[in-house]
Amino acid sequence: MDRPVVLVTGGSRGIGAAVARLASRAGYAVVIGYHSDDAAAEKVLAELDGPGTTIRADVGSEAAVEQMFTEVDRRFGRLEALVNNAGVLEGGSRVDQIDERRLRRVLDANVVGPFLCAREAVRRMSTAHGGHGGAIVNVSSAASRLGSAGEYVDYAATKGALDTLTIGLSLEVAGEGIRVNAVRPGFIRTGIHARGGDPERLTRLASAIPLGRPGEPEEVAEAVLWLLSDKASYVTGAFIDIAGGR
Ligand code: NAP
């Protein structure tokens with residue numbers, strides 16, 4: 001197969017699904033990673049313009065991440081790009097109300113997951129490991145800059161960790177053919193807000209966005225695809241804020 005292969009974690013919904021669809025149109029074979037919703041993942045797969053597959057794996061589990069990458073090796077035999085997009089949040093809590101269960105869930109999905117996936121990707125892409133190079137894009141959040149007081153400082157802090165991973169890893173592998181960048185979306189119209197317990201969040205906060213509206217998943221996907229592409233060949237360790245001016 002001559003198409004480059006991209007693995008999009010959290011590719012079954014929202015921003016990840018938009019990235020998967022756009023990557024397919026751009027000529028990638030697309031691996032849709034997801035956590036539990038088989039039907040949602042299959043629906044995105046059916047919307048692709050070219051080859052792809054779905055792989056169910058909890059990114060917070062080392063064994064599951066290793067299996068997912070082994071499965072990519074088996075089905076495609078190559079990997080050019082990783083989009084660390086899977087993420088969760090739980091809303092409506094000040095730090096003085098946060099419990100350990102919530103902290104561990106958010107940290108596992110949003111920090112442990114991207115680290116494990118980046119590790120497996122580097123082992124395959126790095127010229128130091130016999131690979132041919134590649135690109136990684138981390139889906140961070142404007143929350144890493146803003147802190148999300150009164151809502152989810154824990155989530156914001158996981159995105160701060162992802163920003164630091166982006167900087168540090170980009171420096172580690174710059175000489176090994178791999179570029180590592182991040183996008184930082186603001187309020188984007190996906191189901192994550194309802195799943196975090198606040199379905200009216202975007203409507204309530206829209207007036208605080210300088211551009212006057214929430215963003216669409218496709219507007220984030222455009223930046224992700226640019227960062228993955230050769231058009232961004234001199235860009236690494238960089239952040240693109242996609243937050244309507246916030
Ligand atoms: P979403 O619609 O809720 O989709 C989340 C995706 O992640 C789903 O495909 C889900 O799979 C997957 N996922 C969740 N936990 C996982 C785990 N432990 N292992 C593997 N996959 C997992 O979310 P979204 O709004 O598109 O957000 C995507 C990314 O953008 C996240 O990292 C989020 O923090 C970031 N972001 C979003 C916004 C926004 O306003 N929407 C703003 C800034 C940043 P299942 O469907 O199978 O559960």
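Residues numbered from 1 in each chain as written. Predicted model: local features only at pLDDT ≥ 70, side-chain atom pairs only at ≥ 80, totals over all residues. Heavy atoms only, no water.

(A) View of the overall build of the protein chain. Scanning the protein chain for helices and strands turns up 9 helices and 7 strands. On C-alpha atoms alone, the protein chain measures out to a radius of gyration of 17 Å, which is about the 18 Å that the 2.2 N^0.38 rule sets for 246 residues. Seen along its three principal axes, the alpha-carbon backbone of the protein chain occupies a region of about 45 × 35 × 35 Å. Buried residues in the protein chain amount to 50% of all 246 residues. A separation of at least 24 residues holds for 69% of the contacts in the protein chain among residues at least 6 apart in sequence. As presented, the protein chain carries roughly 11,100 Å² of accessible surface, and 52% of it is formed by carbon and sulfur atoms. Of the charged side chains in the protein chain, 28 are positive and 31 negative; the average position of the first set lies 3 Å away from that of the second. (Helix = DSSP H or I, 4+ residues; strand = E, 2+ residues; numbered from the N terminus. Rg over C-alpha atoms; globule rule 2.2 N^0.38 Å. Buried < 20%, exposed > 50% of the residue type's maximum accessible area, 1.4 Å probe, protein only. Contact = heavy atoms within 4.5 Å. Areas by Shrake-Rupley, 256 points an atom, 1.4 Å probe, with all protein chains shown as cover. Lys, Arg positive; Asp, Glu negative; His and termini not counted. Charge placed at Lys NZ, Arg CZ, Asp CG, Glu CD.)

(B) Broad picture of the site of the ligand. Neighbouring the ligand are 32 residues, the closest being S12, R13, S36, Y155 and T190. At 2.9 Å, a side-chain N or O of D58 approaches a nitrogen atom of the ligand. Measuring from a nitrogen atom of the ligand, one finds a backbone N or O atom of V59 at 2.9 Å. Considering the ligand on its own, with 910 Å² of exposed area, one finds that the protein chains cover 95% of that surface. With respect to the pocket detection grid, the ligand is positioned in the largest pocket. When residues of the shell around the ligand are traced back to their parent elements, those giving at least two are α1 (14-25), α6 (153-173) and α7 (192-195). If you tally residues by element for the shell around the ligand, the top one is α7, at 3 residues. Across the shell around the ligand, the residue classes tally to 13 nonpolar, 14 polar and 5 charged. (Near = heavy atom within 4 Å. Polar contact = N/O pair within 3.5 Å; in protein donor to acceptor, adjacent residues only side chain to side chain. 1 Å grid on protein atoms, 1.4 Å probe; cavity = no way out; pocket = protein on both sides within 12 Å on 5 of 7 lines; lining within 4 Å. Sits in = over half its atoms within 2 Å of the grid points. Nonpolar A, V, L, I, M, F, W, Y, C, P; charged D, E, K, R; others polar.)

(C) Spatial organisation of the packing of aromatic side chains. The final tally for this structure, using the stated rule, is 1 aromatic pair. Between the aromatic rings of Y152 and Y155, the centroid separation amounts to 5.1 Å while the plane-to-plane angle is 75°, which identifies the pairing as edge-to-face. Neither residue differs from the other here; Y152 and Y155 are each classed as buried. (Phe/Tyr/Trp six-rings, centres within 6.5 Å; stacked < 30°, edge-to-face > 60°.)

(D) Structural detail: the side chain of E151. Tracing the backbone shows E151 in the loop between α5 (143-146) and α6. In this structure the side chain of E151 is engaged in a polar contact, spanning 2.8 Å, whose partner is the side chain of R201.

(E) Inspection of the UniProt feature "domain: Ketoreductase" (unreviewed entry) in the protein chain at higher detail. Taking the numbering used here, the UniProt-annotated feature "domain: Ketoreductase" (unreviewed entry) corresponds to residues 4-181. Structurally, residues 4-181 is divided into 49% helix and 16% strand, and its ends, taken at the C-alpha atoms, are 18 Å apart. (UniProt positions renumbered as here; feature names shortened; annotations may be inferred.)

(F) Quick peek at unusual backbone geometry. In this model, S148 sits at a positive phi of 55°, which is unusual for a non-glycine residue. Relative to the helices and strands, S148 is located in the loop between α5 and α6.

(G) Broad picture of the side chain of T9. Of note, T9 is situated in the loop between β1 (5-8) and α1. For T9, a relative accessible area of 2% gives the class buried. With near-sequence residues (within four places) excluded, T9 lies in contact with G33, V59, M68, L82, V83, N84, N85, A86 and C117.

(H) Geometry of the nonpolar core. V6, V30, V183 and L228 are the most contacted members of the largest nonpolar core, which has 31 residues in total. When residues of this core are traced back to their parent elements, those giving at least two are β1, α1, β2 (29-34), α2 (38-47), β4 (81-84), β5 (134-139) and α9 (217-228). Contact partners of L228, with chain neighbours within four places excluded, come to V6, Y28, A81, L82, V83, A135, V137 and R179. Listed in part, the 29 residues of the second largest apolar core include V5, F69, V72 and I136. (Core = buried A, V, L, I, M, F, W, Y, C linked by side-chain atoms within 4.5 Å.)

(I) Main features of the environment of A18. Of note, A18 is situated in helix α1. Spatially, the C-alpha atoms of A18 and D108 are 23 Å apart, while their sequence positions differ by 90 residues. Excluding residues that lie within four positions of it along the chain, A18 makes contacts with P217, E218 and A221.

(J) Structural context of the sheet that holds β1. In space, the 7 strands of this open sheet follow the order β3-β2-β1-β4-β5-β6-β7, with parallel pairing throughout. The sheet terminates laterally at β3 (52-56) and β7 (239-242), the two strands that pair on one side only. Strand-to-strand twist of the sheet, defined as the mean angle between neighbouring strand axes without regard to direction, takes the value 15°. Running at roughly 155° to β3, helix α3 (residues 62-76) makes contact with β1, β2, β3 and β4 of the sheet. Along the sheet face, α9 touches β1, β4, β5, β6 (178-185) and β7 and points at about 165° away from the line of β6. (Pairing = 2+ DSSP bridges. Axes fitted to C-alpha atoms, helices over the stretch in contact; angles between N-to-C directions.)

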